[in-house]
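# Working through the structure, step by step
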Amino acid sequence: MEAFETILKGVQEKIAAACQRAGRDPAEVEIVAVTKTHGEEVVREAWEGGLRIVGENKVQEAAWKQPLSVSGPEWHLIGHLQRNKVRPALELFECFHSIDSIPLLDRIEHVASEIGKRPRVLLEVNVSGERSKDGMKPADVPAAIEHVLSACPSITLEGFMTMAPFFPHEKIEETRPFFRELRELRDAMEVEFGAKFPRLSMGMSGDYPIAIEEGATWVRLGTVLFGERPKAKPQRAVDAGDAGESGEGDGSFDKVLD
Ligand SMILES: *Cc1c(COP(=O)(O)O)cnc(C)c1O
């Protein structure tokens, strides 16, 4: 196994090269260390390597991992957030990359104002239109921004997130138009709302150099830093709460909790 510092240095060099190609300052690009499915020791490794942001995609996984991990990192939720998990999520994460509906914004605002949190949020946009992907349609973004600005005083909207469709390595250039579209949407929204939305969360292990060339400020990197994820199960058995992960998207839990 290559030492983590060596791997990280290689990634940072690629980030710097992509910035140079695009005439960008590498200081604008930050790595979100995606530690999902790995143990808490990987969070420590990332932190000791100098990374400051940890990305997890499940609330329950962050709930067991966070208390065992070094304190210091900023925890970001990069996966879909179910409305019935907003309350625990707000205790664990300070930034949310994948907010994709007005009802979800309302739920976050409701709980955040109640418990005194000031979450930072990105709107996830499905620029590819793939049905398998989460995220709002680009056409629905203006209404969501309007809603945050007018009705969600606890929420800071920092920008946008997207995932490009999967392409094999030799066709990776084909991800570019999706990243570009998100940046152009951001630029248009800044003009329309006279506001700054500085964060663009785009680019993963396979495509981050292209995302950076197109304006990414947060690249979400798992595999390239920490190796392949175990396919079957997280390293630690998650508690029975995870069994509720499926079949709860219908919002019925919200009514119970409210
Ligand atoms: C897992 C995950 C990543 C990291 O993917 P890698 O290809 O391993 O870098 C990035 N973003 C999201 C939303 C993820 O779920």
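Our structure is the block above this text.
The structure presented is a predicted model; accordingly, all values stated were derived computationally and were not measured. (Residues numbered from 1 in each chain as written. Predicted model: local features only at pLDDT ≥ 70, side-chain atom pairs only at ≥ 80, totals over all residues. Heavy atoms only, no water.)

A few words on the side chain of Glu 56. Turning to its location among the elements, Glu 56 is positioned in strand 2 (residues 53–56). The class of Glu 56 is buried, set by a relative accessible area of 0%. Looking at Glu 56, its side chain comes within polar contact range of the side chain of Lys 65, at 2.7 Å. Setting aside its immediate chain neighbours within four residues, Glu 56 contacts Thr 35, Lys 36, Glu 61, Ala 62, Lys 65, Trp 75, His 76, Leu 77, Ile 78, Gly 79 and Phe 93. (Helix = DSSP H or I, 4+ residues; strand = E, 2+ residues; numbered from the N terminus. Buried < 20%, exposed > 50% of the residue type's maximum accessible area, 1.4 Å probe, protein only. Polar contact = N/O pair within 3.5 Å; in protein donor to acceptor, adjacent residues only side chain to side chain. Contact = heavy atoms within 4.5 Å.)

Taken together, Val 34, Lys 36, Ile 78, Met 161, Met 163, Met 204, Ser 205, Arg 220, Leu 221, Gly 222, Thr 223 and Arg 229 make up the full set of residues adjacent to the ligand. One nitrogen or oxygen atom from the side chain of Arg 220 is found 2.8 Å from a nitrogen atom belonging to the ligand. The side chain of Arg 229 places a nitrogen or oxygen atom 2.7 Å from an oxygen atom of the ligand. Burial of the ligand by the surrounding chains reaches 90%, relative to a free accessible area of 390 Å². (Near = heavy atom within 4 Å. Areas by Shrake-Rupley, 256 points an atom, 1.4 Å probe, with all protein chains shown as cover.)

With that out of the way, let us pick up the nonpolar core. Looking at soluble globular proteins, one finds that nonpolar side chains tend to be buried together. Counting 65 residues, the largest nonpolar core has Leu 81, Leu 123, Phe 160 and Leu 225 as the members making the most contacts within it. Considering every element that reaches this core, the biggest residue donor is helix 1 (residues 4–22), with 6 residues. Leave out the neighbours within four places in its chain, and Leu 81 touches Val 59, Val 86, Ala 89, Phe 96, Ile 99, Leu 104 and Ile 108. Core analysis: the second largest hydrophobic core is formed by 8 residues, Val 32, Ile 53, Ile 78 and Trp 218 among them. (Core = buried A, V, L, I, M, F, W, Y, C linked by side-chain atoms within 4.5 Å.)

Enumeration according to the criterion identifies 18 salt bridges in this entry. Here Glu 13 makes a salt bridge to Lys 9, at a shortest N to O gap of 3.5 Å. Placement of the pair is Glu 13 and Lys 9 together in helix 1, with a separation of 4 residues, close to one helical turn. Overall, Glu 13 belongs to the partly exposed group, its relative accessible area being 48%. (Salt bridge = Lys/Arg side-chain N within 4 Å of Asp/Glu carboxyl O.)

Right, let's get into a negative patch on the surface. Together, Glu 5, Glu 41, Glu 45 and Glu 48 make up a negatively charged patch on the protein surface. When residues of the negative patch are assigned to their parent elements, the largest contribution, 3 residues, is made by helix 2 (residues 40–48). Among the secondary structure elements, Glu 41 is positioned in helix 2. Judged by its relative accessible area of 42%, Glu 41 is partly exposed. (Patch = residues over 30% accessible without salt bridge, like charges linked within 9 Å, V, L, I, M, F, W, Y side chains within 5 Å. Lys, Arg positive; Asp, Glu negative; His and termini not counted. Charge placed at Lys NZ, Arg CZ, Asp CG, Glu CD.)

Let us now look at helix 5 (residues 102–115). Taking 1.5 Å of rise per residue, the 14 residues of helix 5 would be expected to cover 20 Å, and the 20 Å separating its terminal C-alpha atoms lies within 8% of that figure. With a side-chain oxygen positioned 3.1 Å from the backbone nitrogen of Leu 104, the residue opening helix 5 is Ser 101. Looking one or two residues past helix 5, Gly 116 carries a phi angle of roughly 75°, positive in sign. (Expected span 1.5 Å × (residues − 1).)

Moving on to the environment of Glu 94. If you trace the backbone, Glu 94 turns up in the loop between helix 4 (86–92) and strand 4 (95–99). For Glu 94, a relative accessible area of 38% puts it in the partly exposed group. In this structure the C-alpha to C-alpha distance between Glu 94 and His 76, which are 18 residues apart in sequence, comes to 6.2 Å. When near neighbours in sequence (up to four residues on either side) are disregarded, Glu 94 contacts Glu 74, Trp 75, Pro 119 and Arg 120.

Attention now goes to the packing of aromatic side chains. Evaluation of the coordinates by the stated rule reveals 3 aromatic pairs. Look at Phe 160 and Phe 197: their rings are 5.8 Å apart centre to centre, the planes differ by 70°, and that puts the pair in the edge-to-face class. Of this pair, Phe 160 sits in strand 6 (residues 156–161) while Phe 197 sits in the loop between helix 7 (176–193) and strand 7 (199–201); the two residues are 37 residues apart in sequence, bridging distant segments of the chain. For Arg 52, the ring lying beneath its charged end belongs to Trp 47, and the centroid distance is 3.6 Å. (Phe/Tyr/Trp six-rings, centres within 6.5 Å; stacked < 30°, edge-to-face > 60°. Lys NZ or Arg CZ within 6 Å of the ring centre and 35° of its normal.)

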